[in-house]
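Each chain, letter by letter, is given below.
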Amino acid sequence: MSSSTSTEPNAAQSSSRAAQSGRPGAGALDVIGRVPEREVLEAALDAGAHVVLEGPPGTGKSTLLRSVARGRDVGFSFVEGNAELTPARLVGHFDPALVLSRGYDPETFVDGPLLTAMRSGTLLYIEELNRVPEETLNVLLTAMSEREVAVPRLGRVLAEPGFRFVAAMNPFDAVGTARISGALADRTCRISMGYQDADSERAIVLGSLNEESENVDPAVAQWVSRVVNLVRATREHAELRVGASVRGAIDLARVAAALAARRGTDLADVGLAAALVSLSGRVQVAPTAKRTSEAIITELYELHVGRPPQRDADDGDDAGGQDPACPQGADGPGEQADPPARPPRPRSHPDQRQVGRSELSSMPGFEEISPEVGQIDEDALREAMSEDVAGTVKMLARMRRATDPALRSAAELLSARMLFDRMARSAPDHRGVHRRQTSTGRLDGDLDVDGSVEAIAAARAEGRVVGADELRVSHWARGTLGLVLLIDQSGSMTGDRLAHAAVLAAACALRMPDELGVLAFGRDVSTLRELHDASPGHVVVDRVLRLVGHGETGLSRALWRAGEVLAGSRASRRVVVLLSDCRASGPGEDGFDSVVAAAAALPELCIVAPAADCEQARDLASRAGARFGALSDPAEGPAVLEDVLTGR
């Protein structure tokens, strides 16, 4: 018999094993999130119909059938569908050795899974039906319609009353599959099985970690919820042709749990590594995508899971006053750094605590954007963003700290993308921004006679042909740009100025520099985006929206740090864009002269300050030889950035 077939135990055997292990039999339990499908499948089998379960991988097709078979106290013959499943392997064959000694006797015939199911009156289950060759499927037609099979030299084999044919297939997989014939489709009932809802998938993943889900740590449950959201997002991502099933979430959770146990750390600290291992091979990147699966998974992880669960308000603010995914003093998102040696600052600013719906309702336009608890009207949000960027971003920043978890999650999911899309409509067009340059070793462009005359004369004097690498060619080229955005998140940069920071981050990302780094600073400096990171613009905006203004302004330290980051740039033009009111107040700030010295040491500095508080920034720009721009309306961010970068 082929290794692709097996016979499942019946319910009595399963219950016996369950009793020995102290757990209830699987037949007594419904498959999570599959009550309607189970009911329809049971009804179809009761009616004597044959059934095809159709849906993507990981939707519980096999699990559902096993549960139904055990609940009906019947076994089933399992067949793995593939191109090597021949009619003989499905029906059965005469044993050659016995035929030589005893001839074609019925006792020398070895039943295949089809005859086994027919004789015992049980279920024949073929997985991956659309991978089975057509000539093998044709054998099933008579068995399904006439309930008998004629085998040469053996005769007719009749099916017992309980015989049913059930199959499963993934209609979205085009590799190694074929269309099911009309004759087979006409003999079966079809049950379509999509992915379960989010609550069901969370229950499945939690069950895979702990059989008694009511005892799961609330922090673990919250982390699993974010993981499920991540996996579900892969199914709708524009750059992914095929997303991951709940199996991906199960493996992600299990790998993270095992890795956390080995390292003696939390799930949040190892989640990204587990996500890359568990999901990057499961998803299929669309042919038009320009990124790898690892880059896409990293982006989705940052968006949906990226930070550890926030501590309760009674625990006090974190040392940096910002998202734990980007702790102060760390060199990148998600890295851990020792907190500064100072007592935690009390939660005094409204942007640093959780906000109830009653308080949110006092903000203009909130009721239109969130008409019901836990909901956001995307059309209303988009309209509000187009009319008042600053007010809408400020409201979304509050909603991202709402006590309502569903509203908080929706705000986190939509805010960065909405703002990024809004800024994209006002971004300048950079096509055609080229300069005339001369260089050697090129075959395109025009010969620069004046620049090449010496090389030509030398070659003629030596009696040789001048080489292409000696000639200078004039051509049009675009210079590369390395950009570091330095965002002030001190106590003076709160409220509407957070909208300024988010808009400027979106504007920098939209300008598509060859290298873009983003730093945030208060007392210390944290990295929101590495200079050569591949994170897309809306992820950068999301990280900026997590910032909370607080504390002192370590401006000179931040400028020196920006210079260190920019030193790693390979671009022909390297620029630091500073968003700050430039009121230095942090430790180590030896007067304004130290700030001027740090600013003057940069290759190129552009300062963008809030228009209502820009005198100190204007003075710094004048003394350090930097360009200056004032930002009053966040919607003007792209235009102001363009002006300071081009010197207009």
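Up top is the structure.
Presented here is a report on the structure given in the accompanying data block. (Residues numbered from 1 in each chain as written. Predicted model: local features only at pLDDT ≥ 70, side-chain atom pairs only at ≥ 80, totals over all residues. Heavy atoms only, no water.)

A surface patch of like charges, here negative, comprises Glu383, Glu387, Asp388, Asp633 and Glu636. Residue placement: Asp388 occurs in the loop between helix 16 (378-387) and helix 17 (389-399). Taking relative accessible area as the criterion, Asp388 reaches 40% and is therefore assigned partly exposed. (Patch = residues over 30% accessible without salt bridge, like charges linked within 9 Å, V, L, I, M, F, W, Y side chains within 5 Å. Areas by Shrake-Rupley, 256 points an atom, 1.4 Å probe, with all protein chains shown as cover. Salt bridge = Lys/Arg side-chain N within 4 Å of Asp/Glu carboxyl O. Lys, Arg positive; Asp, Glu negative; His and termini not counted. Charge placed at Lys NZ, Arg CZ, Asp CG, Glu CD. Helix = DSSP H or I, 4+ residues; strand = E, 2+ residues; numbered from the N terminus. Buried < 20%, exposed > 50% of the residue type's maximum accessible area, 1.4 Å probe, protein only.)

Our next topic: the sheet that holds strand 20 (residues 605-610). With mixed pairing, the six strands of this open sheet are ordered in space as 18-17-16-19-20-21. The sheet is open, and its two borders are formed by strand 18 (525-529) and strand 21 (627-631), each paired with just one other strand. The sheet shows a mean angle of 20° between the axes of neighbouring strands, taken without regard to direction. Bridge count for strand 19 (residues 573-579) against strand 20 is four bridges, and the pairing is parallel. Note that in strand 20 the partner of Leu578 across the bridge is Ile607. (Pairing = 2+ DSSP bridges. Axes fitted to C-alpha atoms, helices over the stretch in contact; angles between N-to-C directions.)

What follows is about helix 22 (residues 555-566). Under the 1.5 Å per step criterion, the end-to-end length of helix 22 is 16 Å for 12 residues, consistent within 8% with the ideal 16 Å. What helix 22 keeps buried is the set Leu555, Ser556, Ala558, Leu559, Ala562, Val565 and Leu566. (Expected span 1.5 Å × (residues − 1).)

Under the defined criterion, the tally for this structure stands at 23 salt bridges. The partner of Arg282 in a salt bridge is Asp251, with the nearest N and O atoms 2.6 Å apart. Residue Arg282 is located in the loop between helix 12 (267-279) and strand 12 (284-285), and its partner Asp251 is located in helix 11 (residues 246-263); the two are separated by 31 residues in the primary sequence. Relative accessible area serves as the criterion here: at 30%, Arg282 is assigned to the partly exposed category. According to the relative accessible area criterion, Asp251 is partly exposed, its value standing at 27%. Its salt-bridge partner being Glu564, residue Arg561 comes within 3.3 Å of it at the nearest N-O pair.

A separate point is unusual backbone geometry. Notably, Asp73 is not glycine yet its phi reads approximately 60°, a positive angle. One can find Asp73 in the loop between helix 3 (61-71) and strand 3 (76-80).

Under the criterion given, the structure shown has three aromatic pairs. Judged by centre distance (5.7 Å) and plane angle (50°), the rings of Phe78 and Tyr125 are tilted. Within this pair, whereas Phe78 is found in strand 3, its partner Tyr125 is found in strand 6 (residues 123-127), the two being separated by 47 residues in sequence. Given the relative accessible area of 0%, Tyr125 is considered buried. For Arg153, the ring lying beneath its charged end belongs to Tyr104, and the centroid distance is 4.4 Å. Above the plane of the ring of Tyr195 lies Arg235, whose end atom (NZ or CZ) is 3.8 Å from the centre. (Phe/Tyr/Trp six-rings, centres within 6.5 Å; stacked < 30°, edge-to-face > 60°. Lys NZ or Arg CZ within 6 Å of the ring centre and 35° of its normal.)

Right, let's get into the nonpolar core. Among the nonpolar cores identified, the biggest contains 57 residues, and Ile376, Met399, Leu419 and Val577 are the most heavily contacted of them. In contact with Leu419, other than residues within four places in its own chain, are Met385, Val389, Val393, Ala502, Val503 and Val541. (Core = buried A, V, L, I, M, F, W, Y, C linked by side-chain atoms within 4.5 Å. Contact = heavy atoms within 4.5 Å.)

Burial of strand 17 (residues 515-521) is extensive: seven of the seven residues sit out of reach of the surface. The alternating pattern of strand 17 places Glu515, Gly517, Leu519 and Phe521 on one face and Leu516, Val518 and Ala520 on the opposite face, and all of these are buried. The sheet contact formed by strand 16 (residues 481-488) and strand 17 spans seven bridges and is parallel. Bridge pairing links Asp488 to Phe521 in strand 17. The pairing of strand 17 with strand 18 spans four bridges and is classified as antiparallel. By the bridge assignment for strand 18, Leu519 is matched with Thr527.

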